[in-house]
Amino acid sequence: MQSKSIVKFIQGLFVPIVLGAFLYSFLSVCWPMPDPISPNSWTKLQQGLRGKLRNTDMVIVHPAWEDSAGRYFKKNFLILGKPNNKGYQRYSRIWIMLTHNTEEPSYLDGYQKKDSKTIEDITAQLWVRGGTPALYDFFASDSTLKVSMVDEKGTRTPCTKDPKRDRFVCPNADWHRVEDGTYRLAGQESGCLKMHPRKGYETEALFSRVPMGEEIHGWIGINDAAIEYKEGAPVDFTVSVGDTITQSFQAPNKRGKIPFSVKIPAGTPKYQPVRFSVSAKNDGKRHFCFVAAMRGEKR
């Protein structure tokens, strides 16, 4: 009897194993992971940074999955990808290592780029604390963020925060999420806040208490891979500040980033809620994201 149970158990595993192997093979062919940076490239970079890289400097590597760097910066505090808090601001000097044609990060407000060196497949940038930081970075400041979906009748349904993965997931569609991440825009990996629209709804990200400056500015765009979907609809993007300021923008089915700005009039209260909402007539492959920050003198 025991042998029959073992046979049934093995037979039950056969189908999941075969399906898993097929899915892995399919994804490897359709979306192959780029080769990691070679040890030779990292070694040459270290040699090129002699006398410049200090043991007290922080090193941040982009994109996050390029973990090959871990073997070469053992004396430095190393982070893979965008930091999940502002602890990096304790460091006056930060080296950003850009690999795989990744663009320089947008979250280093308060730092100025002082040096840049490219060796083979790696660009090393030295950022030093200084300059004028943003009053509020929506990409990095998500402690007050709430996400909901609003239907055509105005009915609001909250999306649930998944603390383990630091993202919001909306009901009845696990692909309908709002989360920090990286998309490829015009050939460059770009850190941004991902907001996938859903047909028949507005997806809304609410930051409940934002200090008012002179303007909100940033960019919007759609992931390069999604642009290949020729029937892709434009994504409508709306910025609302309090109850009086509303401006709308649109990301067409084209590669690249579209800049936007929203002026904050004099006399606006010092703190206001800020809403970003997205929608599309068709949600097929609308991998949309944005970056935004409040800048200028504080009201």
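Quick look at the structure, then. These figures come from a predicted structure and were not determined experimentally.

## Describing the overall build of the protein chain
Alright, step 1. A count of helices and strands for the protein chain gives three helices and 19 strands.
Alright, step 2. A sequence separation of at least 24 residues applies to 68% of the contacts in the protein chain between residues at least 6 apart.
Alright, step 3. Total accessible area computed for the protein chain in this model is approximately 16,700 Å², and 52% of it derives from carbon and sulfur atoms.

## Topic: the pairing of strand β19 (residues 288-295)
Alright, step 1. When you tally the buried positions in β19, you get seven out of eight residues, the bulk of the element.
Alright, step 2. Note that strand β6 (residues 136-137) and β19 share two bridges and pair antiparallel. Bridge pairing in β19 links Y136 to M294.
Alright, step 3. By the bridge criterion, two bridges tie strand β12 (residues 188-195) to β19 in an arrangement that is antiparallel. From the neighbouring strand, K194 faces β19, where its bridge partner is C289.
Alright, step 4. Where strand β14 (residues 215-222) meets β19, eight bridges bridge the pair, whose relative direction is antiparallel. Within β19, the position partnered with I222 by the bridge is F288.

## So, the state of the cysteines
Alright, step 1. Under the defined criterion, the tally for this structure stands at two disulfides.
Alright, step 2. Bridging C192 to C289, the disulfide has an S-S length of 2.3 Å. Across the S-S bond of C192 and C289 the torsion is about -90°, and the bridge reads as left-handed. Of the two residues, C192 is situated in strand β12 and C289 in strand β19; the sequence distance between them amounts to 97 residues.

## A closer look at the nonpolar core
Inside soluble globular proteins, nonpolar side chains tend to come together where they are buried.
Alright, step 1. With 39 residues, the main nonpolar core has F138, F207, I216, F237, F276, F288 and F290 as its most contacted residues.
Alright, step 2. Ignoring anything within four residues of it in the chain, the contact list for I216 reads F138, V239, V241, F260, S261, V262, I264, V274, A292, A293 and M294.
Alright, step 3. Membership of the second largest hydrophobic core comes to 15 residues, among which are W42, V59, V61 and F73.

## Overview of the sheet that holds strand β5 (residues 122-129)
Within a beta sheet, neighbouring strands are joined by backbone hydrogen bonds and run either parallel or antiparallel to one another.
Alright, step 1. If you trace the five strands from one edge of the open sheet to the other, you get β2-β1-β3-β5-β4, paired in mixed fashion. With partners counted over all chains shown, the strands left at the sheet margins are β2 (77-80) and β4 (111-119), one partner each. Averaged over all pairs of adjacent strands, the angle between their axes in this sheet comes to 20°, without regard to strand direction.
Alright, step 2. The pairing of β4 with β5 spans eight bridges and is antiparallel. Of the residues in β5, the one forming a bridge with K113 is W127.

## What to know about the environment of H287
Alright, step 1. Within the element layout of this structure, H287 appears in the loop between β18 (271-279) and β19.
Alright, step 2. Beyond its immediate stretch of four places on either side in the chain, H287 contacts Y183, H196, G221, I222, N223 and A226.

## Points about the packing of aromatic side chains
Alright, step 1. This model, assessed by the stated rule, comprises 16 aromatic pairs.
Alright, step 2. Look at Y136 and F207: their rings are 6.2 Å apart centre to centre, the planes differ by 85°, and that puts the pair in the edge-to-face class. Within this pair, whereas Y136 is found in strand β6, its partner F207 is found in strand β13 (residues 201-211), the two being separated by 71 residues in sequence. Each member of the pair, Y136 as well as F207, carries the same accessibility label: buried.
Alright, step 3. Following the ring pairs from residue to residue traces out a cluster consisting of Y136, F138, F207, F237, F249, F260, F276, F288 and F290.

Thresholds, definitions, all that
- Residues numbered from 1 in each chain as written.
- Predicted model: local features only at pLDDT ≥ 70, side-chain atom pairs only at ≥ 80, totals over all residues.
- Heavy atoms only, no water.
- Helix = DSSP H or I, 4+ residues; strand = E, 2+ residues; numbered from the N terminus.
- Contact = heavy atoms within 4.5 Å.
- Areas by Shrake-Rupley, 256 points an atom, 1.4 Å probe, with all protein chains shown as cover.
- Buried < 20%, exposed > 50% of the residue type's maximum accessible area, 1.4 Å probe, protein only.
- Pairing = 2+ DSSP bridges.
- Disulfide = S-S within 2.5 Å.
- Core = buried A, V, L, I, M, F, W, Y, C linked by side-chain atoms within 4.5 Å.
- Axes fitted to C-alpha atoms, helices over the stretch in contact; angles between N-to-C directions.
- Phe/Tyr/Trp six-rings, centres within 6.5 Å; stacked < 30°, edge-to-face > 60°.

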